[in-house]
Amino acid sequence: MADFTPRLKKILCSAGCRFVRQGRGDHEIWYSPISGIHFTVDNKIKSRHTANAVLKQAGLKKQF
């Protein structure tokens with residue numbers, strides 16, 4: 001199965017989103033200046049649906 005996390009993080013960084021802190025387990029807390037909210041990013045995203053849901057929270061369009 002594919003791991004979408006590295007590509008997802010590159011997309012988030014290029015859109016101006018930033019890492020805030022480490023969350024519980026292998027999750028990270030990120031902030032999006034586009035949507036103005038904090039959201040979580042798992043370090044082992046195996047589903048394109050989950051990756052697209054993270055992009056939606058960040059205020060970005062689907063890319064997977």
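What you are looking at is a predicted structure, and each value in this text was computed from that prediction instead of being measured.

Describe helix 2 (residues 48–57), listing the residues and the values that go with them.
Considered for burial, the residues of helix 2 that qualify are Ala-51, Asn-52, Val-54 and Leu-55. Down the axis of helix 2, the buried side of the element spans an arc of 155 degrees, and every buried residue falls inside it. In helix 2, the exposed positions that point more than 90 degrees away from the buried face belong to His-49 and Lys-56. Following helix 2 by one or two positions, Gly-59 adopts a phi angle in the positive range, close to 85 degrees.

I'd like to hear about the pattern of salt bridges, residue by residue, with values.
Within the structure shown, the criterion is met by 2 salt bridges. Linking Lys-9 and Glu-28 is a salt bridge whose minimum nitrogen-to-oxygen distance equals 3.2 Å. Separated by 19 residues along the polypeptide, Lys-9 in helix 1 (residues 5–14) and Glu-28 in strand 2 (residues 27–32) bring together distant segments of the chain. On the basis of relative accessible area, Glu-28 is assigned to the buried category, the value being 11%. Between Lys-44 and Asp-26 there is a salt bridge; the shortest N-O distance is 3.8 Å.

How would you sum up the environment of Arg-18? Please name residues and give values.
Checked against the element boundaries, Arg-18 lands in strand 1 (residues 18–22). Take Arg-18: its relative accessible area is 46%, and that puts it in the partly exposed class. As a C-alpha pair, Arg-18 and Gln-57 span 39 residues in sequence and 13 Å in three-dimensional space. Once you skip the residues sitting within four places of it in the chain, Arg-18 turns out to touch Trp-30 and Tyr-31.

Conventions and cut-offs
Residues numbered from 1 in each chain as written. Predicted model: local features only at pLDDT ≥ 70, side-chain atom pairs only at ≥ 80, totals over all residues. Heavy atoms only, no water. Buried < 20%, exposed > 50% of the residue type's maximum accessible area, 1.4 Å probe, protein only. Helix = DSSP H or I, 4+ residues; strand = E, 2+ residues; numbered from the N terminus. Arc of directions from axis to C-beta. Salt bridge = Lys/Arg side-chain N within 4 Å of Asp/Glu carboxyl O. Contact = heavy atoms within 4.5 Å.

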